[in-house]
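Here's the letter readout for the chains.
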Number of protein chains: 2
Amino acid sequence: MQKEHLALAVDFIEDLLSKGKYAVVREQMVDMEPADVALLLSEFPEDRLPILFRLLPKELAAETFVEMDNDQQELLIRSFSDTELQEVLDEMYLDDTVDLIEEMPASVVHRILRHCDPESRRTINELMKYPEDSAGSIMTTEFVSLTADMTVEDAFKRIRRTGIDKETIYLCYVVNDSRVLIGLVSVRTLLLSDEDDIISDIMESSIVCVNTLDDQETVSQMFSKYDFLAMPVVDQEHRLVGIITIDDAMDVMEAEATEDMEKMAAIMPSDKPYLKTSVLETFKARSPWLMLLMLSATFTGLIMTHFEDAMMACAILTSFIPMLSGTGGNSGTQASTAVIRALSLGEVRFRDTFRVIWKEARVALLCGVCLAAANFVKMMLVDRWMMHNPAVTIAVGAVVCLTLVCVVLCAKIVGCTLPILAEKLRLDPAVMASPFISTIVDALSLLIYFRIATALLGI
Amino acid sequence: MQKEHLALAVDFIEDLLSKGKYAVVREQMVDMEPADVALLLSEFPEDRLPILFRLLPKELAAETFVEMDNDQQELLIRSFSDTELQEVLDEMYLDDTVDLIEEMPASVVHRILRHCDPESRRTINELMKYPEDSAGSIMTTEFVSLTADMTVEDAFKRIRRTGIDKETIYLCYVVNDSRVLIGLVSVRTLLLSDEDDIISDIMESSIVCVNTLDDQETVSQMFSKYDFLAMPVVDQEHRLVGIITIDDAMDVMEAEATEDMEKMAAIMPSDKPYLKTSVLETFKARSPWLMLLMLSATFTGLIMTHFEDAMMACAILTSFIPMLSGTGGNSGTQASTAVIRALSLGEVRFRDTFRVIWKEARVALLCGVCLAAANFVKMMLVDRWMMHNPAVTIAVGAVVCLTLVCVVLCAKIVGCTLPILAEKLRLDPAVMASPFISTIVDALSLLIYFRIATALLGI
């Protein structure tokens with residue numbers, strides 16, 4: 001649904017509701033996608049929510065419910081009768097129920113669990129034991145399993161009988177008596193086979209699968225590498241316990257990219273959308289890194305105090321400090337971002353360290369020399385000639401430009417090395433991004449600047 | 001395949017090859033996933049590539065070919081006989097062939113087109129006309145289409161007859177005589193229906209689809225919103241011309257996240273993996289932004305020259321400049337990154353501008369006050385007491401800390417406003433990230449610092 005249509009639709013439905021034309025409202029919503037209905041409902045005041053929700057047909061209601069914000073879900077559950085809650089829960093997939101339970105307050109969780117049948121409750125409890133961000137925590141237990149001795153006809157019968165409750169029917173997994181995963185057969189293969197073919201003859205027996213404890217980021221990388229629709233999840237004994245579908249993997253990929261960007265901007269990652277996060281939560285996510293980086297800038301302060309005499313002797317030098325540290329920071333950020341992304345996509349590994357450094361060093365020299373040349377011209381033309389500043393001598397220009405080359409070189413090498421080291425030390429490389437690199441490069445560039453200045457200008 | 005296993009596998013196969021045991025090598029590879037075979041082959045020296053590739057069964061060979069790097073694809077095509085090329089092309093989906101053609105040099109393209117049948121050649125030419133990054137450029141034309149008057153039995157017959165060449169058979173599209181898209185039916189629905197049900201009775205007729213000219217980023221956002229397996233692509237007359245499958249949408253999502261991160265680090269985006277990009281290409285992608293940002297740091301230089309007297313009167317002030325501009329830059333980066341990501345995920349829109357600013361202002365005040373308090377304690381304890389620096393007076397501390405609060409406030413507001421403005425002006429918000437914000441905040445923080453210093457210290 002287009003954003004501009006949303007406001008119109010809200011007014012239109014509000015009008016219908018006030019006139020009591022509920023059947024027309026229902027008709028409007030019945031053909032919409034669940035995600036769109038959820039978006040639409042989120043635009044109404046809270047007291048309208050239960051009435052609108054009750055207008056939806058049962059299946060659409062459950063699908064819409066899954067797409068809603070946690071606040072709205074909680075509001076709805078509190079307004080539900082026991083029968084209504086039961087109906088929604090019956091239509092939901094178990095992995096969605098688990099997600100819901102993880103976000104709701106204890107009283108609501110209690111009520112939800114009371115309305116699940118014992119079998120589901122057992123599975124939900126199993127699923128909730130897996131560590132956060134593990135494959136087990138995002139898998140669903142509702143998949144189609146077949147046995148190797150079935151015929152294609154049996155398989156279709158089974159899919160028709162049980163498929164309606166399964167998250168995907170297009171990939172069926174073949175297990176033996178101990179529930180060990182032994183094969184995979186797609187509905188495509190089934191459709192293109194004869195009715196009396198035996199599953200063991202047509203199934204694929206070398207299967208890529210993940211372990212319940214594998215990291216969800218690994219899982220989403222495997223999806224983007226192998227182009228699967230679903231991935232089987234097995235336990236330590238290679239028994240099939242669940243599957244992860246590609247739409248869930250896509251959500252993981254999106255969340256992981258957001259998390260990387262947040263870490264790269266020195267923000268502690270959170271799961272909530274920007275406008276739903278309270279000021280206090282945002283403050284808590286941002287201030288620790290700001291504090292740490294501010295305090296580590298103490299070193300740059302010390303360096304400047306140390307070279308106070310040199311600065312006093314040649315005051316014009318100070319005015320180039322922001323440009324030098326800015327350029328250093330930007331150069332370092334470029335290198336670290338490129339390497340962090342390459343690491344997270346699996347393009348670069350630890351053994352490539354020297355290739356990476358060698359590459360960055362050459363790029364840095366090229367960049368440094370170009371920047372220095374441009375800067376020299378700018379200093380002579382703008383600062384000396386146009387602004388009539390006699391303090392900007394050729395010697396000062398040489399100091400600044402030489403520093404520039406060294407700073408870019410250092411920044412790029414620091415920027416590309418730290419993320420790889422972090423990965424090797426099993427830290428998240430994304431932390432070694434812009435703010436962190438800038439702080440280190442700031443100190444480095446001041447040291448280089450003053451060393452070169454004292455040496456060349458004899459101060 | 002685990003990274004550590006790769007080196008072992010390479011040695012093992014190299015050993016088998018040197019002993020001439022080709023059948024064993026083939027057996028090793030035949031059960032592997034195409035993406036893994038491609039990874040494995042990329043580890044061998046170039047002259048081994050053709051022989052290894054020829055050992056693969058026909059279908060696996062084509063699937064592996066699609067997963068390879070452009071350099072290796074070119075090498076292989078040049079070593080192919082005409083029959084071999086024909087075989088690989090026959091097995092490939094047309095959208096993959098188009099991708100291949102776009103990356104190959106003219107002589108290779110010529111040879112590829114000569115080996116396509118006239119029908120495919122016509123489609124390839126059609127597909128290549130769509131603008132880069134449009135839905136048309138990533139769609140495939142190989143989908144299953146049905147007509148509304150078919151029965152479920154007819155539909156299955158059609159799927160069985162034509163499905164082998166289609167990229168997905170799980171979603172079938174219903175078109176009328178003018179090829180206008182009128183419905184959608186999934187294989188799941190077909191399997192759960194009776195054989196003589198009519199398609200028009202069971203199809204979904206309200207379908208979310210995209211236009212050939214829509215941006216690929218919009219398409220991938222729709223996939224993550226609606227959890228579809230495939231999305232139909234229609235032309236201006238609503239005629240069905242192709243579909244986009246979820247695995248291609250996932251690739252787009254990954255590429256767009258990389259592009260955003262690159263822009264946020266002031267790198268011009270490129271499609272190539274990090275280690276495959278030459279030094280010169282990397283230099284070209286990075287130097288323009290570095291140059292622009294360096295030259296805009298001229299303003300900070302001018303501000304510092306302007307306040308030279310104040311600096312001379314109270315030299316200690318200078319040593320806090322890196323800390324102030326660093327903290328300002330980091331605060332701005334946090335706000336801009338959070339807003340850029342929220343914009344790209346559709347969580348924030350232009351009409352939310354004031355909510356965003358109000359939120360950031362409150363977060364900034366909290367952060368600023370905390371940082372200022374910590375900094376005051378640090379200045380008094382470390383700089384004055386431990387380092388015995390008598391120049392660090394309470395008045396200087398007050399100037400620095402007051403500046404800190406103002407700088408964080410300005411930085412957060414600039415950081416959150418610029419990306420939203422960029423989006424409104426139809427620029428990419430990602431450009432308004434860390435390096436750009438830091439440069440602006442640098443100048444702002446110097447202005448604030450010297451204004452406050454001259455006012456409070458009377459210099």
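See the structure shown above.
Here's what I pulled together on the structure shown here. (Residues numbered from 1 in each chain as written. Chains lettered and ligands numbered in written order. Predicted model: local features only at pLDDT ≥ 70, side-chain atom pairs only at ≥ 80, totals over all residues. Heavy atoms only, no water.)

Some remarks on the interface of chain B and chain A
The partner chain A presents 122 residues to the 122 residues of chain B that form the contact. When chain B packs against chain A, close to 10900 Å² is buried across both sides, 67% of that on carbon and sulfur atoms. By the criterion of area lost to chain A, the three top residues of chain B are B:Arg188, B:Met250 and B:Tyr274, representing 8% of everything that side buries. Inspection of the chain B/chain A interface yields six salt bridges. Here A:Glu360 and B:Arg286 are joined by a salt bridge, their closest N and O atoms 2.8 Å apart. Taken together, chain B and chain A are joined by 30 residue pairs in polar contact (both at pLDDT 80 or more). Residue composition of the side of chain B that touches chain A, by class: 65 nonpolar, 26 polar and 31 charged. (Contact = heavy atoms within 4.5 Å. Buried area = accessible area lost by both parts, 1.4 Å probe. Salt bridge = Lys/Arg side-chain N within 4 Å of Asp/Glu carboxyl O. Polar contact = N/O pair within 3.5 Å; in protein donor to acceptor, adjacent residues only side chain to side chain. Nonpolar A, V, L, I, M, F, W, Y, C, P; charged D, E, K, R; others polar.)

Focus: the relation of the copies chain B and chain A
At an RMSD of 0.1 Å, chain B and chain A line up after a rotation of 180° and a shift of 0.0 Å along the axis. On this basis, the relationship between the two copies can be described by a two-fold rotation axis. Same-surface contact between copies: 100% of interface residues of chain B are shared with the interface of chain A. (Least-squares fit on C-alpha atoms with pLDDT ≥ 70 in both.)

Here's the deal with the packing of aromatic side chains
Residues and elements named next belong to chain B. What the rule picks out here adds up to 15 aromatic pairs over all chains. Taken together, a centroid distance of 4.8 Å and an interplanar angle of 15° make the contact between Phe307 and Phe450 stacked. Here Phe307, found in the loop between helix H18 (298-306) and helix H19 (308-313), pairs with Phe450, found in helix H23 (residues 434-457); they are 143 residues apart in sequence, far enough to count as distant. Accessibility expressed as a relative area gives 8% for Phe307, which makes it buried. (Phe/Tyr/Trp six-rings, centres within 6.5 Å; stacked < 30°, edge-to-face > 60°. Helix = DSSP H or I, 4+ residues; strand = E, 2+ residues; numbered from the N terminus. Buried < 20%, exposed > 50% of the residue type's maximum accessible area, 1.4 Å probe, protein only.)

Description of the side chain of A:Ser134
Residues and elements named next belong to chain A. Here Ser134 lies in the loop between helix H10 (118-128) and helix H11 (135-138). Owing to a relative accessible area of 2%, Ser134 belongs among the buried residues under this scheme. Beyond its immediate chain neighbours, meaning those up to four positions away, Ser134 contacts Thr212, Leu213, Asp214 and Gln216.

Quick look at the pattern of salt bridges
Residues and elements named next belong to chain A. What the rule picks out here adds up to 32 salt bridges over all chains. Between Glu74 and Arg78 there is a salt bridge, and its shortest N-O distance comes to 2.9 Å. A residue pair is termed a helical-turn pair when its members lie 3 or 4 positions apart in one helix, as Glu74 and Arg78 do in helix H6 (residues 70-79) at four residues. Classification of Glu74 as partly exposed rests on a relative accessible area of 22%. We classify Arg78 as exposed; its relative accessible area is 52%. Through salt bridges with shared partners, one network takes in Asp235, Glu237 and Arg239.

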